[in-house]
Amino acid sequence: MQREVLYTECRVATMHSGKPEYGLIENGAIVVRNGRIAWVGDAQGLPAQYSNYSNESLGQRLITPALIDCHTHLVFGGNRASEFEMRLNGASYEEISKAGSGIVSTVRATRLASDKELLQSAITRLDDLISEGVAVVEIKSGYGLTIADEIRMLRVARKLESLRPVKILTTWLAAHALPVEYEDKPDDYINEVAILGLQQAAEEGLVDAVDGFCETIGFSPAQIERLFEVAHSLGLPVKLHAEQLSDQKGALLVGKYAGLSADHLEYLSVDDVPKFAESGAVAVMLPGAFYTLRESKIPPINVFRSTGVEMAIATDCNPGSSPISSILTAMNIACTQFSMTPEEALAGTTRCAAQALGLQGDYGVIEDGALAELAVWNVQHPAELSYWVGPSKFHKRISHGETS
Ligand code: NIG
Ligand code: FE
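Let me begin by describing the structure that accompanies this report.

Quick notes on the rules
- Residues numbered from 1 in each chain as written.
- Chains lettered and ligands numbered in written order.
- Predicted model: local features only at pLDDT ≥ 70, side-chain atom pairs only at ≥ 80, totals over all residues.
- Heavy atoms only, no water.
- Helix = DSSP H or I, 4+ residues; strand = E, 2+ residues; numbered from the N terminus.
- Contact = heavy atoms within 4.5 Å.
- Expected span 1.5 Å × (residues − 1).
- Buried < 20%, exposed > 50% of the residue type's maximum accessible area, 1.4 Å probe, protein only.
- Near = heavy atom within 4 Å.
- Polar contact = N/O pair within 3.5 Å; in protein donor to acceptor, adjacent residues only side chain to side chain.
- Areas by Shrake-Rupley, 256 points an atom, 1.4 Å probe, with all protein chains shown as cover.
- 1 Å grid on protein atoms, 1.4 Å probe; cavity = no way out; pocket = protein on both sides within 12 Å on 5 of 7 lines; lining within 4 Å.
- Sits in = over half its atoms within 2 Å of the grid points.
- Nonpolar A, V, L, I, M, F, W, Y, C, P; charged D, E, K, R; others polar.
- Donors = N, O, S within 2.8 Å, 3.2 Å for Na, K, Ca; no water.
- Pairing = 2+ DSSP bridges.
- Points joined across faces, edges and corners; volume = space filled by probe spheres on them.

1. As for the environment of L145
Then step 1. Looking at where L145 falls in the secondary structure, it is placed in the loop between β6 (134-140) and α5 (147-163).
Then step 2. Along the primary structure L145 and Y189 are separated by 44 residues, whereas in three dimensions their C-alpha atoms are 9.0 Å apart.
Then step 3. Not counting residues up to four positions away in its chain, the partners in contact with L145 are V107, R111, E150, A174, H176, A177, L178, P179, E181, Y189 and V193.

2. Considerations on helix α6 (residues 186-203)
Then step 1. With 18 residues, α6 should reach 26 Å at 1.5 Å per residue; the first-to-last C-alpha distance of 24 Å fits that figure.
Then step 2. Within α6 the residues assigned to the buried category are Y189, I190, V193, A194, I195, G197, L198 and A201.
Then step 3. The inward-facing, buried residues of α6 abut α5, β7 (167-175), β8 (209-214) and α7 (221-233).
Then step 4. Backbone geometry just after α6 places G205 at a positive phi near 75°.

3. Digging into the site of ligand 1
Then step 1. Neighbouring ligand 1 are 15 residues; R80, Y93, Y143, H176 and S321 lie closest to it.
Then step 2. One of the side-chain nitrogen or oxygen atoms of Q244 is found 3.0 Å away from a nitrogen atom of ligand 1.
Then step 3. Relative to its unbound accessible area of 320 Å², ligand 1 is 100% covered by the protein chains.
Then step 4. Judged by the proximity of its atoms to the pocket grid, ligand 1 belongs to the largest cavity.
Then step 5. Per-class residue counts for the shell around ligand 1 are 4 nonpolar, 9 polar and 2 charged.

4. Notes on the coordination of the iron ion (ligand 2)
Then step 1. Protein coordination at the iron ion (ligand 2) comes from H71 (NE2), H73 (NE2), H241 (NE2) and D316 (OD), with a distance range of 2.1 to 2.3 Å.
Then step 2. Positions of the donor residues of the iron ion (ligand 2) along the chain correspond to the pattern H-x1-H-x167-H-x74-D. Separated by 245 residues along the polypeptide, H71 in the loop between β5 (67-69) and α1 (81-88) and D316 in the loop between β12 (311-313) and α12 (327-338) bring together distant segments of the chain. Note on accessibility: H71 and D316 belong to one class, buried.

5. Describing the side chain of S246
Then step 1. With respect to the element layout, S246 can be found in the loop between β9 (239-242) and α8 (250-256).
Then step 2. Of the polar contacts made by the side chain of S246, one reaches the side chain of E215; its length is 2.8 Å.
Then step 3. In this structure the side chain of S246 is engaged in a polar contact, spanning 3.0 Å, whose partner is the side chain of Q248.
Then step 4. If near-sequence neighbours (up to four positions away) are discounted, S246 is found in contact with E215, T216 and Y267.

6. Some thoughts on the sheet that holds strand β15 (residues 402-403)
Then step 1. Sheet architecture is open: 7 strands sit in the order β3-β2-β1-β4-β13-β14-β15, paired in mixed fashion. Single-partner strands in this sheet number two, and they are β3 (36-42) and β15.
Then step 2. The pairing of strand β1 (residues 4-13) with strand β2 (residues 24-33) spans 7 bridges and is classified as antiparallel. When the bridges of β2 are listed, V5 appears paired with V32.

7. Observations regarding empty space enclosed by the protein
Then step 1. In total, this model carries 3 cavities of 30 Å³ or more according to the counting rule given.
Then step 2. If you go around the largest cavity, the residues you meet are H73, Y93, I103, Y143, H176, F213, H241, Q244, H264, D316, N318 and S321.
Then step 3. In terms of residue class, the lining of the largest cavity is built from 4 nonpolar, 7 polar and 1 charged.
Then step 4. For the second largest cavity, the calculated volume is near 50 Å³.
Then step 5. Around the second largest cavity, the lining residues are L328, E384, L385, W388, G390, P391, S392 and K393.
Then step 6. For the lining of the second largest cavity, a count of residues per class yields 4 nonpolar, 2 polar and 2 charged.

What follows is the structure, encoded as structure tokens:
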């Protein structure tokens, strides 16, 4: 590994929070030392002490922080194209779920799949993300719904980190759906699988955060709260699938437990946003699910803006509501459907996504002290990352100061 590198001839979108216009530096230079950014700025102002570092020209390309997908369900068996067809023939997501398909049909396929099959299918989706400059991916359990299968999903997710140059964070989402063996016994399921399993998975060191699906077709706020209490006692941060289909006050629950993020939020009441803002949690926008389910209610983006809520964007890659393994497509949909600006979209997959995972300072910005996790693009302006739809304009990754 080269310990000291000087990157020049590049436009740098630093995504620094205090700077306007992407924190853009037109003729930039970046100094990397021991895997971290030692200096970034206008090339004219490069301190003399760095001028003899090994120099790599980036050919006038754009460089940004490497992208982060902070909400995925990347590990699963099978697919649900047949439900996509059912919905387009008139059935709703809730109807399909109540009829015993939906999430539980992926549970059947996931339980039947071998570890190797789960790993192989997840790798194809992970490679899609990597081909768009993604360096960090959050992956949830939630399609096992037994302690053994939930833990198996997290082990497969963690294994990906040894096979590809990405950082993987794993989230315990046993409170995702009620398996048939617990029909009409959601409280028993929370106690016997979601909570007991969390304790076991945490003991194995497999859990970075705890999530739940707080919905009429998922779990009630009271059930989620019992799970959050245990997460707290284990010192694990929480996050929640909240207000995707109805207003359950899930975002406020995230605030109460000082959680990392509330995700989806289409049905979040405008009146609850100021309280949510006070909590400092990130609002994670999942435009792929909005698009796939042909939702028409837009999350309260304007109120997030006016109250200073940070907005992240993620693929929510999953076989039911968001069969999308393209973070750039998610950014594009966030712009066209949610009226987020291209700058907000890029912040949403860099600085704000890092915050949603508790990785702020290390990832998602190009500033002194941050990790040198960077993406180089065959475009001139950062707005182009949200603008183009189709094959990626990604050129290469720089990881710990090494080009890949
Ligand atoms: O984020 N809403 C719950 N979880 C997923 C959907 C999972 C599925 O339909 O398989 C989501 O949209
Ligand atoms: Fe999700």
